[in-house]
Amino acid sequence: MKLKLEKIVNATQPLSRLMVQPMKIAQSWSLSKLSKLIDVELKSFDEARNKLLAEYGTLTEDGTQYIFATDKAMPFSEEIKSLLDQEIDIEIVPISLSKLDRIDISASDLLMLDWLIIE
């Protein structure tokens, strides 16, 4: 399945919450495989993002955050947007909504995971 990197990045927390829910072994297996694939993409994203932060920003003295000069903020935002807009091809076994009927999950998490769940 082709997905924009932004969907993967935005789904990180909801996917983590879903993965701690008890479910049948087949669903757990699918999610654990997906998690490994997503981790690879997220590591690549973090590396690229960190390079952009270093290129456009200045790390504060305490090393906890980057600050941007006025002329650097917009180019940084454009580069991050371009990065998040990249399509990735990832092998996904969709999860049927009926298989999640005993799982507590918020509507906002379902919205972030809409690419993973089918009716």
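Residues numbered from 1 in each chain as written. Predicted model: local features only at pLDDT ≥ 70, side-chain atom pairs only at ≥ 80, totals over all residues. Heavy atoms only, no water.

When helices and strands are counted, the protein chain shows five helices and six strands. Written out in order from the N terminus, the α and β elements of the protein chain read β-α-α-α-β-β-α-β-β-α-β. Here the C-alpha radius of gyration of the protein chain, 17 Å, is well above what a compact globule of 119 residues would show, namely 14 Å. In terms of principal-axis extent, the alpha carbons of the protein chain reach across some 50 × 30 × 25 Å. Counting all 119 residues of the protein chain, 31% fall into the buried class. When contacts within the protein chain are restricted to residue pairs at least 6 apart in sequence, those whose partners lie at least 24 apart make up 66%. Summed over all atoms, the accessible surface of the protein chain reaches about 8,200 Å², with 53% contributed by carbon and sulfur. The positive charge centre, built from 14 side chains, and the negative charge centre, built from 20, are 8 Å apart in the protein chain. (Helix = DSSP H or I, 4+ residues; strand = E, 2+ residues; numbered from the N terminus. Rg over C-alpha atoms; globule rule 2.2 N^0.38 Å. Buried < 20%, exposed > 50% of the residue type's maximum accessible area, 1.4 Å probe, protein only. Contact = heavy atoms within 4.5 Å. Areas by Shrake-Rupley, 256 points an atom, 1.4 Å probe, with all protein chains shown as cover. Lys, Arg positive; Asp, Glu negative; His and termini not counted. Charge placed at Lys NZ, Arg CZ, Asp CG, Glu CD.)

In this section: the confidence of the model for the protein chain. For the protein chain, the mean per-residue pLDDT works out to 91, and 100% of the residues sit at or above 70. Ranking the helices and strands of the protein chain by mean pLDDT puts helix H4 (residues 70-84) first, with 95, and strand E5 (residues 95-96) last, with 84. (pLDDT = per-residue confidence, 0-100.)

To continue, consider the environment of Ile88. Within the secondary structure layout, Ile88 lies in strand E4 (residues 87-89). Separated by 80 residues in sequence, Ile88 and Ile8 place their C-alpha atoms 9.3 Å apart.

The next subject is H4. Its 15 residues give H4 an end-to-end C-alpha distance of 22 Å, which sits within 8% of 21 Å, the value for a rise of 1.5 Å per residue. Among all positions in H4, only Phe76, Ile80, Leu83 and Leu84 are buried. The buried side chains of H4 occupy one side of the element, clustering within an arc of 90 degrees when seen end-on. Opposite its buried face, H4 presents the exposed residues Asp71, Met74, Glu78 and Lys81, each directed more than 90 degrees away. In the core, the buried residues of H4 are packed alongside strand E1 (2-4), helix H1 (5-10), helix H3 (25-56) and strand E3 (66-68). (Expected span 1.5 Å × (residues − 1). Arc of directions from axis to C-beta.)

Once that is clear, we can look at the nonpolar core. In terms of nonpolar packing, the biggest core is built from 29 residues, with Leu18, Leu34, Trp115 and Leu116 touching the most fellow members. Elements with a contribution of two residues or more to this core: H1, helix H2 (12-19), H3 and H4. For this core, the element with the most residues is H3, which contributes eight residues. Every residue in contact with Leu34, bar those within four places of it in the chain, is listed here: Leu15, Ile90, Glu91, Ile92, Trp115 and Leu116. (Core = buried A, V, L, I, M, F, W, Y, C linked by side-chain atoms within 4.5 Å.)

Counted by the stated rule, this structure contains two aromatic pairs. Here Tyr56 and Phe76 contribute two aromatic rings whose centre-to-centre distance is 6.4 Å and whose plane-to-plane angle is 65 degrees, an arrangement assigned as edge-to-face. Of this pair, Tyr56 sits in helix H3 while Phe76 sits in helix H4, placing them 20 residues apart in sequence. Through pairs of rings, three or more aromatic residues link up here, namely Tyr56, Phe68 and Phe76. (Phe/Tyr/Trp six-rings, centres within 6.5 Å; stacked < 30°, edge-to-face > 60°.)

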